[in-house]
Amino acid sequence: MKIETFINHGTMIEITGNDTVNLYVDKGQVRMADQPAEAPSVEAPTEEKKSVENKPAEPTPDEQLAALMNGFTPQQLASSGIRCQPRVALGMMALMQPQCKQKVDWMSFYSVLLRRRWVDENVRAWCRMVEGQFGVTLDPRTMSTDLVKQGGSDYTLWTEADRRIVRRKQLAADFDRRLTEYFERGRAEVMREIVG
């Protein structure tokens with residue numbers, strides 16, 4: 001088989017056998033000379049299709065969390081004051097930071113970590129850590145006062161007297177749930193590898 005001129009841009013066309021095949025392009029359609037005009041066609045991509053094809057896929061929440069967790073240096077992890085899984089806790093807080101409508105909402109994360117015994121009961125140290133890690137300046141007196149008004153540092157016991165407290169309580173519950181789910185997924189993956 002002798003091919004004198006063959007230029008292919010895009011779609012691959014495979015020709016096998018010893019027969020002579022005459023192909024030509026007519027108005028964006030590839031045609032074979034011995035086939036009827038209804039031969040298979042190749043559609044040129046429109047601008048809309050090109051932009052969809054070139055657009056990167058949105059990262060999943062797990063991919064976002066992984067990227068955030070890897071953004072913390074060993075020094076930041078050590079200075080966070082979080083004793084257990086600081087990389088995960090800080091990454092999850094960074095992922096959920098947009099849900100903090102007011103500065104005092106950071107109390108929700110503190111409550112969960114305190115309840116899990118991952119941090120010491122030291123509001124001033126917590127406020128310094130949040131400012132150092134996330135650039136959010138918190139007032140330790142205001143935070144301590146709010147904890148007392150809400151009935152203590154355990155978010156499960158907070159009153160639902162006003163919608164701001166309800167929002168903080170929900171934020172804490174979401175943070176706690178996400179941490180639990182993260183570790184359960186990890187445990188399940190390890191067990192799958194062990195069991196085979």
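Note that the structure is a prediction, hence the values are computed from the model and not measured. (Residues numbered from 1 in each chain as written. Predicted model: local features only at pLDDT ≥ 70, side-chain atom pairs only at ≥ 80, totals over all residues. Heavy atoms only, no water.)

S.K.: Please give an account of the nonpolar core that cites residues and values.
M.R.: Soluble globular proteins tend to pack their nonpolar side chains together in the buried interior. Core analysis: the biggest nonpolar cluster contains 40 residues, and Met-93, Trp-106, Phe-109, Leu-113, Trp-126 and Phe-175 have the highest contact counts within it. Listing elements by their share of this core, those giving two or more residues are α2 (61-69), α4 (86-96), α5 (106-115), α6 (123-134), α7 (140-149) and α8 (163-195). In contact with Leu-113, other than residues within four places in its own chain, are Ile-82, Ala-89, Met-93, Trp-118, Val-119, Trp-126, Phe-175 and Leu-179. (Core = buried A, V, L, I, M, F, W, Y, C linked by side-chain atoms within 4.5 Å. Buried < 20%, exposed > 50% of the residue type's maximum accessible area, 1.4 Å probe, protein only. Helix = DSSP H or I, 4+ residues; strand = E, 2+ residues; numbered from the N terminus. Contact = heavy atoms within 4.5 Å.)

S.K.: Hey, could you go over the pattern of salt bridges for me, with residue numbers and the actual values?
M.R.: The final tally for this structure, using the stated rule, is ten salt bridges. Asp-105 is the salt-bridge partner of Arg-168, the closest N and O atoms lying 3.1 Å from each other. Of this pair, Arg-168 sits in helix α8 while Asp-105 sits in the loop between α4 and α5, and the two are 63 residues apart along the sequence. According to the relative accessible area criterion, Arg-168 is buried, its value standing at 6%. Among the ionic pairs, Glu-181 bridges to Arg-177, the shortest N-O distance being 3.3 Å. In this pair, Glu-181 and Arg-177 are both assigned in helix α8, four residues apart and thus about one turn of the helix distant. For Arg-177, a relative accessible area of 38% corresponds to the partly exposed category. Linked through salt bridges whose partners overlap, the residues forming this network are Arg-115, Arg-116, Asp-154 and Asp-176. (Salt bridge = Lys/Arg side-chain N within 4 Å of Asp/Glu carboxyl O.)

S.K.: I'd love a proper account of the packing of aromatic side chains, names of residues and values included.
M.R.: Between two aromatic rings, the relevant description is the distance of the centres plus the angle of the planes. Applying the stated rule across the entire model yields eight aromatic pairs. For the ring pair Trp-118 and Phe-183, a centre distance of 6.1 Å and an interplane angle of 80° mean the geometry is edge-to-face. Note that Trp-118 is positioned in the loop between α5 and α6 and Phe-183 in helix α8, a separation of 65 residues in sequence. Residue Trp-118 is classed as buried on the basis of its relative accessible area, which comes to 9%. For Phe-183, a relative accessible area of 22% translates into the label partly exposed. Between Tyr-182 and Phe-183, the ring centres sit 5.3 Å apart and the planes meet at 85°, which makes this aromatic pair edge-to-face. In this structure an aromatic cluster arises from ring pairing among Phe-72, Trp-106, Phe-109, Phe-134 and Phe-175. One residue, Arg-116, lies across the ring of Trp-118, its end atom 5.1 Å from the ring centre. (Phe/Tyr/Trp six-rings, centres within 6.5 Å; stacked < 30°, edge-to-face > 60°. Lys NZ or Arg CZ within 6 Å of the ring centre and 35° of its normal.)

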